[in-house]
Amino acid sequence: MRIETDFLVIGSGMAGLSCALKLARRGKVAIVTKKEKAESNTNYAQGGIAAVFDPTDSFSKHIQDTLEAGDGLCQREAVELIVREGPKRVDELAEIGVQFTRKNDGRYDLGREGGHHIDRIVHVKDHTGRDVENALLEAVKNESAIEVYENHTAIDLITEHQILGPYNRAAQRHCWGAYVLDDRNSNVLRVQSRATVLASGGCGQVYLHTTNPAIATGDGIAMAYRAGARIANMEFMQFHPTTLYHAEADSFLISEAVRGFGARLVTRNGQTFMEHYHPMGSLAPRDIVARAIDAELKKSGDPCIYLDITHKKSQEIKNRFPHIYENCLYYKIDITREPIPVVPAAHYSCGGVQTDLHSATSLSGLFACGEVTCTGVHGANRLASNSLLEAVVFGHLAAESAADFARREAEHYPAIPPWDESGTFNSEEWVLISHDRMEIKNIMWDYVGIVRSNLRLERALSRLRLIGQEVENFYRRTKVTNELIELRNLATVAMLIVRSALTRKESRGLHYTTDYPRRDDEAYRRDTIIEKKEI
Ligand code: FAD
Ligand code: SIN
């Protein structure tokens, strides 16, 4: 089957939905999304959206905090862009119906999170993402120009590779849409578009312990890499310092806003320790807090540290953090009475598909926004709550750029061949997929975590190479399924992270290695770029 559309948007999180809403004014939009519409990282966001609204705040203060967190690697123009555009985009979200928490006088209630020197997090209590996602979905439902294809997984971008054959010598590569698997009947669709927007989110699932839901398998990064797009800074994987330590809680996030509200990180004996690591204590940037916890746990041999908010009034805690309170209570932890056991877990990919200030990737016709990208905003470590901000600002810019591109170009599509599944069979070896997936996650957790070394990274590389080859061979002879697509992408993304980490022979932001414990501005104040030369 073939779908023709003006714009293809891959992903229905904050970036994809906000982009699609703007594109709907400029043509026909198809959103493909691999599960139900609302399933995304966005849906789980708790803390909120960083933006300048407080009268004592300023753009330059927000810019400064972002640059400091990014440890010398942010691109200043990109940071200025999201900070200056932020308040406008947040107000637009309020206009489409997001009921942000407000003070008695009607102004936004602003929270505080790590690395911010001032209260600037706009939020809906502690379930900001869910409310934003729902409001965007409601707005999308009212747009007749948008068609949403749920349970549809993008497999690969359509480029010269499919049209001219592999290893062609096209000087400038183009993207004309994507092959997409309809999970309900296993058909593969050709979705042909005048411009394509990747908004497929991050890759936390590449690690054993992660705050990310199951959809976050790095599909967009892997697809773009295979298509020859430039991928940047994959070594900078952010570990969130505080996820619930409980066998069944699946790395449930305890928002940094809890620390912003006054909670302190303490050891089993109730001792604070963050003051020994950073002047901002428990509210230091995330890379520093996660590393400090890792160091304390190694020193004590304890399995977790604790987050103590019990000194605050019980009703205030329940009112500000209803979701966290209820969820912890479900696991028999009353956060108003006892400290919360917490450990770090993989949370956010600062690297991704490299884009310019207009959301354009290095492939003509392919734009990208949200966590799938590396826009230059986050540098070596993302400042808290700058991700939703980046997603909505670059979602807007991607829509403008994709619409301009479609107007200027691509009147004539090349003939796109149907999906080629010759030589593939229905496999009965599905156990290989779940086994390989777990192996990748374990390797990444054990060898490519918060603290790295050459030895661990080399070990990860050799094991991942083998798994990557096995997965690719299996993929070539098996009919595609969602699980197989994800496994192939996880294998690719894991390799990209390890290769990038091995390239950076210094410690900066989220990349800390015992072999090069210092920052080396002279040699490494630059992005790590990986690009496939032959596709
Ligand atoms: P997502 O919201 O992840 O959406 C990606 C979409 O792409 C999904 O719909 C997915 O199904 C779809 N998709 C993926 N692959 C395919 C494919 N192959 N084919 C079709 N569809 C595909 N950031 C903040 O700024 N503030 C916060 O308070 C905050 N809290 C967070 C809390 C948690 C628990 C987590 C996990 C993250 C949090 N973040 C926060 C980070 C932030 O939520 C994400 O970075 C942001 O939501 C990313 O938005 P996105 O639209 O780029 O991707
Ligand atoms: C949180 O609420 O702690 C997550 C915020 C973020 O990821 O920016």
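Now for a quick tour of the structure.

Rules behind the numbers
Residues numbered from 1 in each chain as written. Chains lettered and ligands numbered in written order. Predicted model: local features only at pLDDT ≥ 70, side-chain atom pairs only at ≥ 80, totals over all residues. Heavy atoms only, no water. Helix = DSSP H or I, 4+ residues; strand = E, 2+ residues; numbered from the N terminus. Rg over C-alpha atoms; globule rule 2.2 N^0.38 Å. Buried < 20%, exposed > 50% of the residue type's maximum accessible area, 1.4 Å probe, protein only. Contact = heavy atoms within 4.5 Å. Areas by Shrake-Rupley, 256 points an atom, 1.4 Å probe, with all protein chains shown as cover. Lys, Arg positive; Asp, Glu negative; His and termini not counted. Charge placed at Lys NZ, Arg CZ, Asp CG, Glu CD. Pairing = 2+ DSSP bridges. Near = heavy atom within 4 Å. Polar contact = N/O pair within 3.5 Å; in protein donor to acceptor, adjacent residues only side chain to side chain. Nonpolar A, V, L, I, M, F, W, Y, C, P; charged D, E, K, R; others polar. Axes fitted to C-alpha atoms, helices over the stretch in contact; angles between N-to-C directions. Parallel < 35°, antiparallel > 145°, perpendicular 65-115°, else oblique. Salt bridge = Lys/Arg side-chain N within 4 Å of Asp/Glu carboxyl O.

1. Quick word on the overall build of the protein chain
Secondary structure assignment for the protein chain yields 15 helices and 20 strands. The C-alpha atoms of the protein chain give 22 Å as radius of gyration, which agrees with the globular expectation for 535 residues (24 Å, within 12%). Over its C-alpha atoms, taken along the principal directions, the protein chain stretches across nearly 65 × 55 × 50 Å. Within the span of the protein chain, comprising 535 residues, buried residues form 61% of the whole. Considering only intrachain contacts with a sequence separation of at least 6, the fraction spanning at least 24 residues in the protein chain is 74%. Carbon and sulfur atoms form 47% of the exposed surface of the protein chain, whose accessible area is close to 21,500 Å². Distance between charge centroids for the protein chain: 2 Å, based on 65 positive and 72 negative side chains.

2. Considering the sheet that holds strand β20 (residues 529–530)
In spatial order, the strands read β17-β15-β10-β20; together these 4 strands make up an open sheet with mixed pairing. In this open sheet, the two edge strands, each paired with only one partner strand, are β17 (373–374) and β20.

3. Examining the site of ligand 2
For ligand 2, the full set of nearby residues is Q46, G47, E113, H240, L253, S255, E256, R286, H347, R382, A384 and S385. Here an oxygen atom of ligand 2 sits 2.6 Å away from a polar atom, N or O, in the main chain of S385. Within the complex, 92% of the 260 Å² of free accessible area of ligand 2 lies under protein. Of the residues belonging to the shell around ligand 2, the class tally is 2 nonpolar, 6 polar and 4 charged.

4. Things to note about the packing of helix α3 (residues 76–95) against helix α11 (residues 386–408)
At a minimum axis distance of 9 Å, the contact between α3 and α11 shows a crossing angle of 85°. The orientation of α3 with respect to α11, classified from their angle, is roughly perpendicular. Facing L81, I82, E85, G86, R89 and L93 of α3, the residues of α11 in contact are N386, L389, E390, V392, V393, F394, H396 and L397. Of the residues belonging to the contact of α3 with α11, the class tally is 8 nonpolar, 3 polar and 3 charged.

5. Quick look at the pattern of salt bridges
Scanning all chains against the criterion turns up 40 salt bridges. Measuring nitrogen to oxygen at the nearest pair gives 2.9 Å for the salt bridge that ties D105 to R107. Three or more residues are tied together by salt bridges with common partners; here these are D71, E235, R504, E506, R508, R519, D521 and R525.

6. Topic: the sheet that holds strand β3 (residues 49–50)
Here we have 3 strands laid out as an open sheet, ordered β3-β5-β4, and antiparallel in their pairing. Across the chains shown, the open sheet's two edge strands, defined by having one partner strand only, are β3 and β4 (110–111). Of the strand pairs in this sheet, β3 and strand β5 (residues 121–122) are connected by 2 bridges, and their pairing is antiparallel. The partner of I49 across the bridge, within β5, is V122.

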